[in-house]
Amino acid sequence: MATAAATSASEAEAEPKAGPTAEGEEDEVKAARTRRKVLSRAVAAATYKAMGPGWDQQEEGVSESDGDEEYAMASSAESSPGEYEWEYDEEEEKNQLEIERLEEQLSINVYDYNCHVDLIRLLRLEGELTKVRMARQKMSEIFPLTEELWLEWLHDEISMALDGLDREHVYDLFEKAVKDYICPNIWLEYGQYSVGGIGQKGGLEKVRSVFERALSSVGLHMTKGLAIWEAYREFESAIVEAARLEKVHSLFRRQLAIPLFDMEATFAEYEEWSEDPIPESVIQNYNKALQQLEKYKPYEEALLQAEAPRLAEYQAYIDFEMKIGDPARVQLIFERALVENCLVPDLWIRYSQYLDRQLKVKDLVLSVHNRAVRNCPWTVALWSRYLLAMERHGVDHQVISATFEKALSAGFIQATDYVEIWQAYLDYLRRRVDFKQDSSKELEELRSAFTRALEYLKQEVEERFNESGDPSCMIMQNWARIEARLCNNMQKARELWDSIMTKGNAKYANMWLEYYNLERAHGDTQHCRKALHRAVQCTSDYPEHVCEVLLTMERTEGTLEDWDIAVQKTETRLARVNEQRIKVAEKEAALAQQEEEKAEQRKRARAEKKALKKKKKTRGADKRKAEEDDEKEWGDDEEEQPSKRRKVEDSTPSAGEAQDREPEAGLLGKSVPVDVDPPSKQKERAAALKRDVPKVPHDSSKDSITVFVSNLPYSMSEPDVQLRPLFEACGEVAEIRPIFSNRGDFRGYCYVEFKEEKSALQALELDRKNVEGRPMFVSPCVDKSKNPDFKVFRYSTALEKHKLFVSGLPFSCTKEELEEICKAHGTVKDIRLVTNRAGKPKGLAYVEYESESQASQAVLKMDGMTVKENVIKVAISNPPQRKVPEKPEARRAPGGALVPRQIYGA
């Protein structure tokens, strides 16, 4: 079965339905039938036209003119830009400048997909036919092209084809197109175009070959395969020869044995066309196909109803097909899924793994691997699998080496990816060597490849990522093992291990033990002893283990002198290590003690402050009570305490004084003073009113219709009144319960209870809505003591290859300004500016792109860019895991001593 690649989600699977029930089904079915009939009639008309007058036209109503009209309707080919006379104006000059800019940009970065597309569009607009052809050729060598790009290219080339050589060139383009895509539309165009060359030598066989391959590729397509069958039948019906009737019969029978939408109409058409009764075997196959169609319908309907890219629906469909186990159908559903999910590496890995283990057909397997790395060149696992597949199927060494070089230039986004691809290539080179020979060309190539790998990681990778990606020197370790075990060259192996230890690995016990085991297996006792003595002096993580290994070796093989030296060295080293550990433990214990004392001081300070507030509050309450008693006892008597009199005199005059001053104020033309309490007294009265409000206990049975709202401004005077219009947009609000402190101050959070549960769910969408300059947090109302497993929303802390982390932004930078910068490098799905709880920007942002390739390109272009005089840093999003701070009590050992706490790095 022929295969095709997919590079875009542009081909929608939801075409007019003939099987499933939906609104407007009849209209869509009629439209689909009409399109297929028009195209089929166009094929037939093209067949008559190509055959010439020597062929009889059996069907009535088909003429050359009718065929030409229908062909024009079906092909919808665009006219070549050369047919128009372009006038040089300002717009054309602008286009020329843009073309030069795009060409220069592509000379810098040939993997800029959008730049290729824009260049082709402008060149086509300008009528630069030769340059358009070259630009398309370059792009097709790097990327698989979308269906639209291929059809546009094919239509342009068809319109310019003049002779047989041009026709062969168009045939070659069609061959490339059907390898990039499993696209029924391209196969239909291919069949239709091949009909035009039926008058040439071998033309009839060419047409039949194209249609047969089209059936193999897309004939099983549940929703789009029908058009290929009908076009092929129409072509065969147009040919007048003795065997044509049997050929059409055969096509009808083959089609009716396959589960396709609109099978009933095909069966009715066969009954009408056939002069003889339909054989019983055909009816049985037809009924069996109908039964199969019912099993497939739920999956097809799920695809029709879902929105692109429909990855989950395709995954379920793939699982279903793999259980049935028909290789052709499994391959087809993988290809259909990749049309819309061509940038999903896991889908390519699953598809290639199925082909590697099940079909094992060389051309098919290598074709899929090649398309996989062209679609997702940044995924190292696909390149590694490609190299293995090429080796497995005996591909020439030069081709494998060239593929590896392409992998190195693919632009991986992690340093470890380069280590992995080098490992895969070095493993391949090692398997080519015949180690029975002392020296060979393959062995020299392997050694030079190891040398180049180390230089590449040191220069290219370390310069780009500030790390080699191989801190444990795994490549150098493998080289040393090969030299020792397979080449019997311990001298080279020792040199390599010396180099490994000088790269910061001498402090690790496991590295010394690896070296010791290698010497043990392929070296001698003297070098084993020397390695362990060095290990005892250098190891800092597990020195006891190394000392134990040294003593064990001397116990079994060493002399008395060797044993004494080993005991002395190990005891001296362990004593020094214990001293260092005690010092570190004391230092950390002192730090922990200081921290605990500081925490205790803060605790005491808070307690004293709280007691002072309580004391002031009690004194104020006693004072107010005494004033009330005085007022009750003495009425309006003016014998007040001096302090109170001073306070009243300094603030607002009494009622009597106000009346006495009224005439004077009137004479002076001033307004009469109003009896207003001071602000402090107003606040106390408001607090008293709020204290008087009866507290309503939270009813946990209403959690499903309640949301918890937090991070509200403390300055809100009437939160329930201010928030009610906001939440009433989600549904009828039963109650809003703001939470106040004992002093009557709003604490910044509240509970909003709705009448219906759906209103509460809709209210969750208001999360992080700006309220008076602060982002409001809205979350479900859940009692965590009863639901400890409940998790609130948290942003991802894992590696997200399609998302960027931007730091160093100016605080004045807006979301729109950042989006304008980022969209030049790909399609931006979302931008999140990081703010504090008060809603103020922190100069950080997360930018989510549509694909990993766009994100990796944006990192290369934007890192180090200047934005409003600020130099920003851009990296792939990989936030650290959040660590819960340890309580001081938790660090106490059972005996009561403080255990040194873990010190985390930057």
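Residues numbered from 1 in each chain as written. Predicted model: local features only at pLDDT ≥ 70, side-chain atom pairs only at ≥ 80, totals over all residues. Heavy atoms only, no water.

On to the pattern of salt bridges, then. Tallying each qualifying case throughout the model produces 43 salt bridges. Ionic pairing is found between glutamate 175 and arginine 213, a salt bridge with its closest N-O pair at 2.7 Å. Taken together, the residues span a long stretch of sequence, with glutamate 175 in helix α7 (residues 164-180) and arginine 213 in helix α9 (residues 203-218) at a distance of 38 residues. In this structure, glutamate 753 and arginine 737 form a salt bridge, with 3.1 Å as the shortest nitrogen-oxygen distance. A residue pair is termed long-range when its members are at least 10 positions apart, and glutamate 753 in strand β3 (residues 746-754) and arginine 737 in strand β2 (residues 733-740) qualify at 16 residues. The exposure class assigned to arginine 737 is buried, which follows from its relative accessible area of 11%. Each of Arg124, Arg136, Glu152 and Asp156 takes part in a single network of salt bridges with overlapping partners. (Salt bridge = Lys/Arg side-chain N within 4 Å of Asp/Glu carboxyl O. Helix = DSSP H or I, 4+ residues; strand = E, 2+ residues; numbered from the N terminus. Buried < 20%, exposed > 50% of the residue type's maximum accessible area, 1.4 Å probe, protein only.)

Let's shift gears to the confidence of the model for the chain. Taken as a whole, the chain shows an average pLDDT of 79; of its residues, 76% reach a score of 70 or greater. For the chain, the element scoring lowest by mean pLDDT is helix α29 (residues 655-668), at 38; helix α18 (residues 380-392) scores highest, at 96. Below pLDDT 50 for its whole length, residues 884-906 participates in 21 contacts with residues either more than four positions away or in separate chains. (pLDDT = per-residue confidence, 0-100. Contact = heavy atoms within 4.5 Å.)

This part is about α7. The end-to-end C-alpha distance of α7 is 25 Å, a good match for the 24 Å that 17 residues give at a rise of 1.5 Å each. Of the residues making up α7, those classed as buried are Arg167, Val170, Tyr171, Leu173, Phe174, Ala177, Val178 and Asp180. Considering only its buried residues, α7 is in contact with α6 (147-160), α8 (184-195), α9 and α17 (362-375). (Expected span 1.5 Å × (residues − 1).)

Let's shift gears to a positive patch on the surface. Positive charge collects at one region of the surface, where Lys598, Arg602, Lys603 and Arg606 lie side by side. Residue position: arginine 602 is located in helix α27 (residues 560-634). (Patch = residues over 30% accessible without salt bridge, like charges linked within 9 Å, V, L, I, M, F, W, Y side chains within 5 Å. Areas by Shrake-Rupley, 256 points an atom, 1.4 Å probe, with all protein chains shown as cover. Lys, Arg positive; Asp, Glu negative; His and termini not counted. Charge placed at Lys NZ, Arg CZ, Asp CG, Glu CD.)

Another point: the sheet that holds strand β5 (residues 774-780). Read from one edge of the open sheet, 5 strands run β2-β3-β1-β5-β4, paired in antiparallel fashion. For this open sheet the edge positions go to β2 and β4 (769-771), each flanked by a neighbour on one side alone. Averaged over neighbouring strand pairs, the angle between their axes works out to 30° when direction is ignored. Alignment of β4 against β5, held across 3 bridges, turns out to be antiparallel. When the bridges of β5 are listed, lysine 769 appears paired with methionine 776. Of the strands in this sheet, β1 (706-710), β2, β3, β4 and β5 are in contact with helix α31 (residues 719-728), which crosses β2 at around 140°. (Pairing = 2+ DSSP bridges. Axes fitted to C-alpha atoms, helices over the stretch in contact; angles between N-to-C directions.)

Glancing now at unusual backbone geometry. Look at the link from alanine 308 to proline 309: it is a cis peptide, with omega at 10°. With respect to the element layout, proline 309 can be found in the loop between α13 (280-305) and α14 (311-324). Its identity is not glycine, yet arginine 310 carries a phi of approximately 55°, on the positive side. Secondary-structure assignment places arginine 310 in the loop between α13 and α14. Classification of arginine 310 by relative accessible area gives buried; the value is 4%.

Now for the side chain of glutamine 854. Structurally, glutamine 854 is set in helix α34 (residues 852-862). Within the local environment of glutamine 854, its side chain forms a polar contact with the backbone nitrogen of threonine 827, the two atoms lying 2.9 Å apart. Dropping the residues within four chain positions of it, glutamine 854 is found in contact with His825, Gly826, Thr827 and Tyr849. (Polar contact = N/O pair within 3.5 Å; in protein donor to acceptor, adjacent residues only side chain to side chain.)

The terminal C-alpha atoms of α9 lie 22 Å apart, and with 16 residues this matches the ideal 22 Å at 1.5 Å per residue to within 8%. If you check which residues of α9 are buried, you get Gly203, Leu204, Val207, Val210, Phe211, Ala214, Leu215, Ser217 and Val218.

Now for the sheet that holds strand β8 (residues 841-849). Across the sheet, 4 strands lie side by side as β7-β8-β6-β11; this open sheet has antiparallel pairing. In this open sheet, the two edge strands, each paired with only one partner strand, are β7 (828-835) and β11 (873-877). When strand polarity is set aside, the average angle formed by the axes of neighbouring strands in this sheet is 25°. As judged from the 5 bridges shared by strand β6 (residues 800-807) and β11, these two strands associate in the antiparallel manner. Within the sheet, the bridge partner assigned to valine 806 lies in β11 and is valine 874. Set on the sheet, helix α33 (residues 815-822) makes contact with β7 and β8; between it and β7 the angle comes to about 135°.

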